[in-house]
Amino acid sequence: MPKLNLATVAYLLIATALWAGNAIAGRLLVGSVSPITLSAVRWGLAALLLLPLGWRVFKPNSALWQNKKRFLLLGLFGVGSYNVLLYLALQTSTAINVTLIGASMPIWMLFIGAVFYQTKPNLLQLIGAIVSLLGVAIVLTRGELATLLSMKMVIGDLLIMLATVLWAIYSWMLSRPGSSTERQWPWADFLMAQVLVGLLWTGFFDSFEIASGHAYLDLNLWTGSLILFVAVGPSLIAYRCWGMGVSGAGPTVAAFFANFIPLFTAILSAAMLGEPPQLFHGVAFALIVAGIWVSSSQSRSARS
């Protein structure tokens, strides 16, 4: 049975902290790199950096070729789609809408587990999801929940909703490898397989941005540094940590940790502006942790 220990918590927190940094870097790169091109360059660079460690996965006798259909889906849902849809969503939607909709991931994780993996959610998991979502709402509205009433749905909201559903499917697939022996592979081989297949999908999507004349890249020392960061931290390190975290905690509990992303993003943004953490940050943190604690309480009881 999946369990939540200190190492698993660390993996999931590292991943979410790096993805918070990715959100900030993505905002800083608006106007310098078009959204799908940013995703393509990010994963292209990540693949080059990982290649010296993970090249063996492309050998003719690699287990990758025996599981190519599985990795086509893993690459599409995890690497190829989520960031493309996120960057596109931010073109028409607000940061509050995008992040709040993304915070519905625990709900989708429970739903997909029930429908496709015969894992029915229990009452504590549902309560935990609501409590955690409330924490996200507090940090996004800076403690003024009435702000939610002014939100309006746009096409970007639908895109981030789709991205969230696909990421939930990706996380469940990670936790259920089936006949694939990927958990016995060297970590670099497993990540390399996902990155390269995801890059192929991203390149396919980017071809439409290029053909439409909307692709652009203003490369200089500043933008290059930000792209290098998102290629190493939020891509290689975060995806590796997320995979380890999902294997340890299970996809349902891991999903609750994704709600730390808007909190970490808000704190990092405030720090960049020289603003100290506010009371609502602490309240939001407490609610998110409470949601995780409640949702994982059954597995703790089963182990005791």
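It should be noted that the structure appears before, not after, this text.
These numbers were taken from a predicted model, which means no experiment stands behind them.

Q: Would you mind going over the nonpolar core with me for this structure?
A: Most often, soluble globular proteins keep nonpolar side chains buried together rather than apart. Judged by nonpolar contacts, the single largest core of 66 residues is most densely connected at I160, W167, Y170, W185, Y239 and W242. By residue number, the principal contributor to this core is helix 7 (residues 155–175), which donates 10 residues. In this structure, L29, L38, Y87 and V230 belong to the second largest nonpolar core, which totals 8 residues.

Q: Quick question: what am I supposed to make of unusual backbone geometry here?
A: It is generally the case that most residues other than glycine have a negative phi and that most peptide bonds are trans. Of note, the phi angle at Q118 is positive, near 50°, even though the residue is not glycine. As for its position among the elements, Q118 is in the loop between helix 5 (105–116) and helix 6 (123–140). Its relative accessible area of 65% is what places Q118 among the exposed residues.

Q: Help me understand the side chain of S175, please; the structure alone is not making it clear to me.
A: Structurally, S175 can be placed in helix 7. S175 has contacts with R183, V246 and P251, leaving out every residue within four places of it along the chain.

Q: What should I look at first to understand the pattern of salt bridges in this one?
A: Any two side chains of opposite charge can pair if their charged atoms end up close together. Under the definition given, this model contains 1 salt bridge. Salt-bridge contacts for R70 lead to E182; the nearest nitrogen and oxygen are separated by 2.7 Å. Here R70, found in helix 3 (residues 68–92), pairs with E182, found in the loop between helix 7 and helix 8 (187–211); they are 112 residues apart in sequence, far enough to count as distant. Since its relative accessible area comes to 3%, E182 is described here as buried.

Q: Just checking my understanding: could you explain the side chain of D189 for this structure?
A: If you trace the backbone, D189 turns up in helix 8. R56 is the oppositely charged side chain nearest to the buried, salt-bridge-free D189, at an N-O distance of 5.7 Å. Every residue in contact with D189, bar those within four places of it in the chain, is listed here: L53, G54, R56 and V57.

Q: Mind showing me how you'd approach a nonpolar patch on the surface here?
A: Taken together, I14, L49, L228, V232 and I237 make up a surface patch of nonpolar side chains, about 370 Å² in accessible area. The element that contributes the greatest number of residues to the nonpolar patch is helix 9 (residues 221–249), accounting for 3 residues. The topology assignment puts L49 in helix 2 (residues 35–54). For L49, a relative accessible area of 41% translates into the label partly exposed.

Q: I would appreciate a short explanation of the packing of helix 1 (residues 6–28) against helix 9 in the present structure.
A: When two helices pack together, their arrangement is given by the angle between the helix axes and the distance between those axes. Put simply, helix 1 and helix 9 touch, their axes get as near as 7 Å, and they point 155° apart. Classified by the angle their axes make, helix 1 and helix 9 are roughly antiparallel. The interaxial crossing formed by helix 1 with helix 9 has left-handed handedness. Considered class by class, the residues forming the contact of helix 1 with helix 9 number 21 nonpolar, 6 polar and no charged.

Thresholds, definitions, all that
- Residues numbered from 1 in each chain as written.
- Predicted model: local features only at pLDDT ≥ 70, side-chain atom pairs only at ≥ 80, totals over all residues.
- Heavy atoms only, no water.
- Core = buried A, V, L, I, M, F, W, Y, C linked by side-chain atoms within 4.5 Å.
- Buried < 20%, exposed > 50% of the residue type's maximum accessible area, 1.4 Å probe, protein only.
- Helix = DSSP H or I, 4+ residues; strand = E, 2+ residues; numbered from the N terminus.
- Contact = heavy atoms within 4.5 Å.
- Salt bridge = Lys/Arg side-chain N within 4 Å of Asp/Glu carboxyl O.
- Lys, Arg positive; Asp, Glu negative; His and termini not counted.
- Patch = residues over 30% accessible without salt bridge, like charges linked within 9 Å, V, L, I, M, F, W, Y side chains within 5 Å.
- Areas by Shrake-Rupley, 256 points an atom, 1.4 Å probe, with all protein chains shown as cover.
- Axes fitted to C-alpha atoms, helices over the stretch in contact; angles between N-to-C directions.
- Parallel < 35°, antiparallel > 145°, perpendicular 65-115°, else oblique.
- Left-handed = near helix turned anticlockwise from the far one by under 90°.
- Nonpolar A, V, L, I, M, F, W, Y, C, P; charged D, E, K, R; others polar.

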